[in-house]
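If you want the building blocks of each chain, they are given just below.
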Amino acid sequence: MNFDPIAITILLGTFALLIMIRTPIAFALGIAAVAAALYLELPLLIVAQRMVSGLESISLIAIPFFILAGQIMSEGRIAERLVNLASLFVGRIRGGLAMINCVDSMFFGGISGSAVADVSSLGSVMIPAMQRKGYTKDFAIALTVTTAVQAVLIPPSHNMIIYSLVSGGVSVGKLFLAGALPGFLLGLALMVASYILAVKYNFPREEWVGFRKAVKIFLDGLLSVGVAILIMGGIISGFFTASESAAIAVLYAFVLTFFVYRDIPLRRFGKILKDSVNTVAMVFLLIGTSSAFGWMMTYLGVPGAIANWMLSLSNNKYVILTLINLFLLFIGMIMDMAPAIVICTPILLPIANQLGVDPVHFGVILMFNLGIGLCTPPVGNALFVGCAVGKAKMEEVFKPLMVCYLPMIVILFVITFFPDIAMLLPRLFMK
């Protein structure tokens, strides 16, 4: 450890300055690491080596496969089928479309693992549909954006794989299982909030489609969510690893979209591959540069200093966990998920370990906080996409967002203070 206040100021100050002038975050992280290395007269080769070493893990191979599987299913009419499936379960409740919005995000999160993909795919269906039924546009956008946070918790979440790598090899299977119940509770809490608003503003119920059509919708929807069932069933049974499950998910999505449903012609697969490569390149560049940035912070002793400061404030476990949540909520507001995971995990996981928090439980806390950041300005990617899909300005959506934030924050602290909720499924199925 080489605690150097000037070098730390250069590292963090350069990063903050580049973000303020709207430099892409991947480049901001890399340039800040290089600037600190130049001041410390470290060989720049070290920075390059840290970037490469951050990508040297076989576990990361699952990320491109999960992204490709989600991209394939997003291009078809999977979102529409999931909306119809959700309607069978909750459409007859007061405020049926709002309830459907919560449930279909739960289903789609189990397919794409991406909140942004959730908003872009389901938002194009749900936001106009809710407007036609009398819901305000700002509420429709806010609900679509916040329900998408389930995608970073419900398996398969590729961000869980990044955390597994950075944390030193926490079981991906356990992380997937640990996120399932919190993701479900988040959707349930948003449904409760939606129901209260539906009663207040007399939002309509959805009409029953009839038994014969309901059976067809159910079978179509069951095939669509089958990829999530396949992934978790295989991992829980030990039949295949997370990386192998990702490859199988691609095969399942490919056959389902192009040969079973035939929603899009096979010639579109080239475009899907191109879009997936662009996404993977962006994610891997973020992982590489954030690895270099995180190593530089560790070299300068920043994680240890922050840990000592937090632990000096109180001996109470719940006070420290509250501070960690507040810190992560702030980080989520200013940084994308992948670099935030790589940078924050080495800082906060040792603190959590000292408090007796299981690394799997801490992973869920981390994902939940940073997931909320996806729908929080100024760097809320899911919020930006939702506003673009709904053709609204961010400030127009802010008021209903506040209504949706409340149940999210409540569930976050419930999950934080009651670890058995997150740890129940891992203990049952992966001892």
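Residues numbered from 1 in each chain as written. Predicted model: local features only at pLDDT ≥ 70, side-chain atom pairs only at ≥ 80, totals over all residues. Heavy atoms only, no water.

Peer 1: Would you mind going over the side chain of Ser194 in detail, with residue names and values included?
Peer 2: Looking at where Ser194 falls in the secondary structure, it is placed in helix H10 (residues 172-201). Using a relative accessible area of 1% as the deciding quantity, one classes Ser194 as buried. Sequence-distant contacts of Ser194, that is, excluding residues within four places in its chain, are made with Ala98, Met99, Cys102, Phe139 and Leu143. (Helix = DSSP H or I, 4+ residues; strand = E, 2+ residues; numbered from the N terminus. Buried < 20%, exposed > 50% of the residue type's maximum accessible area, 1.4 Å probe, protein only. Contact = heavy atoms within 4.5 Å.)

Peer 1: Tell me about the packing of aromatic side chains, and name the residues and values.
Peer 2: Inspection of every chain in the model, using the stated rule, returns 15 aromatic pairs. Between Phe258 and Phe269, the aromatic rings sit 5.9 Å apart at their centres with planes inclined by 90°, giving edge-to-face as the arrangement. On the criterion of sequence distance, the pair formed by Phe258 in helix H12 (residues 242-260) and Phe269 in helix H13 (residues 269-299) is long-range, its members being 11 residues apart. Among the aromatic side chains, those forming a connected cluster through ring pairs are Tyr135, Phe139, Tyr201 and Phe203. The aromatic ring of Tyr261 is capped on one face by Arg81, whose charged end is 3.5 Å from the ring centroid. (Phe/Tyr/Trp six-rings, centres within 6.5 Å; stacked < 30°, edge-to-face > 60°. Lys NZ or Arg CZ within 6 Å of the ring centre and 35° of its normal.)

Peer 1: A description of the environment of Phe184 should follow, citing residues and the corresponding values.
Peer 2: Here Phe184 shows up in helix H10. Under the relative-accessibility criterion, Phe184 is labelled partly exposed at 39%. Note: C-alpha distance between Phe184 and Cys344 (160 residues apart in sequence) is 25 Å.

Peer 1: Which residues make up the pattern of salt bridges, and what values go with them?
Peer 2: Enumeration over the complete set of coordinates arrives at six salt bridges. Between Asp220 and Arg81 there is a salt bridge, with the nearest N and O atoms lying 4.0 Å from each other. Placement of Asp220 in helix H11 (residues 211-237) and of Arg81 in helix H5 (residues 78-90) is noted, with a sequence separation of 139 residues between them. Given the relative accessible area of 21%, Asp220 is considered partly exposed. Between Lys271 and Asp275 there is a salt bridge whose closest N-O contact spans 2.9 Å. With Lys271 and Asp275 both in helix H13 and four residues apart, the pair spans about one turn of that helix. Among the charged side chains, a salt-bridge network with shared partners connects Arg81, Lys216, Asp220 and Asp263. (Salt bridge = Lys/Arg side-chain N within 4 Å of Asp/Glu carboxyl O.)

Peer 1: Please set out unusual backbone geometry residue by residue, giving values where relevant.
Peer 2: The phi dihedral of Glu41 falls on the positive side, at around 60°, and the residue is not glycine. Taking the relative accessible area as the measure of exposure, Glu41 reaches 72% and is therefore exposed. In this structure, Lys391 is a non-glycine residue whose phi angle is positive, near 55°. Of note, Lys391 is situated in the loop between helix H18 (381-390) and helix H19 (394-417). By relative accessible area, Lys391 is classed as exposed at 68%.

Peer 1: Go over empty space enclosed by the protein with me, naming the residues and quoting the values.
Peer 2: The gaps left among the atoms become clear once a water-sized probe is rolled over them. Per the counting criterion, the structure on display carries two cavities of 30 Å³ or more. Here the largest cavity is characterised by a volume of approximately 60 Å³. Around the largest cavity sit Ser87, Leu88, Gly91, Arg92, Glu206, Glu207, Trp208 and Val209, which together line it. Split by residue class, the lining of the largest cavity holds three nonpolar, two polar and three charged. Each pocket or cavity is described by its volume, and for the second largest cavity that value is around 30 Å³. What lines the second largest cavity is simply Phe139, Leu143, Leu190, Ala193, Ser194, Leu197, Val403 and Cys404. By residue class, the composition of the lining of the second largest cavity is seven nonpolar, one polar and no charged. (1 Å grid on protein atoms, 1.4 Å probe; cavity = no way out; pocket = protein on both sides within 12 Å on 5 of 7 lines; lining within 4 Å. Points joined across faces, edges and corners; volume = space filled by probe spheres on them. Nonpolar A, V, L, I, M, F, W, Y, C, P; charged D, E, K, R; others polar.)

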